[in-house]
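One-letter residues, chain by chain:
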Amino acid sequence: MRMNLRRASLMVDILMPVSILLIFYPPCLQWYASGVMSIVFLLQKGLFLVCAAYALKYRMYRNKYMVALLSYIVWLILVTYLNGMQIGEIGSYLNVFSCCVVYVYCLERNPQRIIGYTSIVFTLLLLFNTILWKDGGMYVNNSGQMSFVLGTKTSLTEYQIAACGFIGTYFTLLPKHKKKKAVILGLCVVYSVIVWNIHEPISTSEMCLAVFFVILILGALGGKIGEAVLKWGFLGMNILNVGIVFFNAQMLFANFITNVLHESADLNYRTAIWQIVMAKIAESPVIGHGLNMGNVSFAIGQGIAGINQATHNGILYFVFSSGIIGTVYILGICFLLLRKTNQRTAAGRVFCAMMICFSTLWITEQLKLYTVFFICLLLGRCVDIMGKEIETLD
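Owing to the predicted nature of the structure, the values given are computational and were not obtained by experimental measurement.

Caption draft 1: A look at empty space enclosed by the protein. Taken as a whole and judged by the stated rule, the model has 1 cavity of 30 Å³ or more. A volume near 40 Å³ is recorded for the largest cavity. Contributing to the lining of the largest cavity are Tyr65, Leu69, Ile333, Leu337, Leu377, Leu378 and Arg381. The leading source of residues in the lining of the largest cavity is helix H15 (residues 370–386), at 3 residues. Residues of the lining of the largest cavity, tallied by class, amount to 6 nonpolar, no polar and 1 charged.

Have a look at this one:
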């Protein structure tokens, strides 16, 4: 990833690295360096203006996948206003736009560079999150949740999934004599996750790491089982999710949940929380309630559960925030990308594994970071475009 100044591209070589750092800044900075964050927020708005200019100059509104993802955010904002609420700080939504523009532009022109930079940044963030671990959390966020360098445990797991996906894709793009770069990054991520879970066990993090590598191994070995898992894994996990929410299907795995994951069979009050969430969904099932969940409570029991504002389920979160319309829309984009992915390529298998990990996470947690999720979907589109150019493991 060396840069030749004579042939440097403004976006790919200069703005892209800066953009990744500005968009994926460690959330702990808001707590420990509020003065720095005011500068970061100002720079983010400047980045938005630059990205808007790029989008117009290069007619990026013709990219149907970027438009489709941004349309979902527009739908969420519209629903929020229709419900008489405010969207809060607009900067986070501007970041989603900037993120999509930067990644679409760079993935089309120099995929190896932006995938490599993203892999490095996410690896470093996970390392810092582990190295700076503090018992009981570094701070408590506005929702009463203990948080660390990357925010909450859910945010950490989303970064972990994205890091695995980008590093795996980076590995497939590198020539054989340079693949050790991706291997080193991968080992750093695995080290970070294992050490972290020794200090602060997160069942979703452990499950997603195991699922990612098991699926890659099954896919690489080939055979009908591997092909079936890659093809139907995402759908299967979402069906299991629905079964757990509506029919307590987790009781089929009660021994695994209690003895291996060391969680309670009711998934730590989640089954009770889901009943409250579904009651609120019934108030506006078609279009949902919008983005601002600051005034919404799904409280149950004592302690942190008594001030809970999270749905603790990905599908319920999509339905609650964007309604049946938005849920069908966003999941439809996911299924379309998976359907178009060539699972015979190593990168295709990495993308499928990454999406199955997201669906695994959604069983007990909701989506926290649209920027992270959207760049993973755009990575899937890039994998589809590259097609036969990506090295296979066959």
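Caption draft 2: Examining the nonpolar core more closely. If you look at the biggest cluster of nonpolar residues, it comprises 107 residues, and the most contacted ones within it are Phe24, Tyr103, Tyr370, Phe373 and Phe374. Leave out the neighbours within four places in its chain, and Phe374 touches Leu69, Tyr72, Ile73, Val96, Cys100 and Ile330. Within the second largest apolar cluster, 8 residues are counted, among which are Met138, Tyr139, Phe148 and Trp196.

Caption draft 3: Region of interest: the environment of Trp133. Along the chain, the position of Trp133 falls in the loop between helix H6 (111–131) and strand S1 (139–140). Separated by 73 residues in sequence, Trp133 and Met60 have C-alpha atoms that sit 41 Å apart. Polar contacts involving the side chain of Trp133 include one to the side chain of Glu200, which spans 3.3 Å.

Caption draft 4: Fine view of helix H4 (residues 64–82). Relative to the 27 Å expected for 19 residues at 1.5 Å per residue, H4 spans 26 Å between its end C-alpha atoms, a close match to the ideal helical length. Taken as a whole, H4 has its buried residues at Tyr65, Met66, Ala68, Leu69, Leu70, Tyr72, Ile73, Leu76, Val79 and Thr80. Where H4 begins, one side-chain oxygen reaches toward the backbone nitrogen of Tyr65, 3.2 Å away; that side chain belongs to Asn63. Just downstream of H4 lies Gly84, where phi reads positive at about 75°.

Rules and cut-offs
- Residues numbered from 1 in each chain as written.
- Predicted model: local features only at pLDDT ≥ 70, side-chain atom pairs only at ≥ 80, totals over all residues.
- Heavy atoms only, no water.
- 1 Å grid on protein atoms, 1.4 Å probe; cavity = no way out; pocket = protein on both sides within 12 Å on 5 of 7 lines; lining within 4 Å.
- Points joined across faces, edges and corners; volume = space filled by probe spheres on them.
- Helix = DSSP H or I, 4+ residues; strand = E, 2+ residues; numbered from the N terminus.
- Nonpolar A, V, L, I, M, F, W, Y, C, P; charged D, E, K, R; others polar.
- Core = buried A, V, L, I, M, F, W, Y, C linked by side-chain atoms within 4.5 Å.
- Buried < 20%, exposed > 50% of the residue type's maximum accessible area, 1.4 Å probe, protein only.
- Contact = heavy atoms within 4.5 Å.
- Polar contact = N/O pair within 3.5 Å; in protein donor to acceptor, adjacent residues only side chain to side chain.
- Expected span 1.5 Å × (residues − 1).

These figures capture arrangement, not role.
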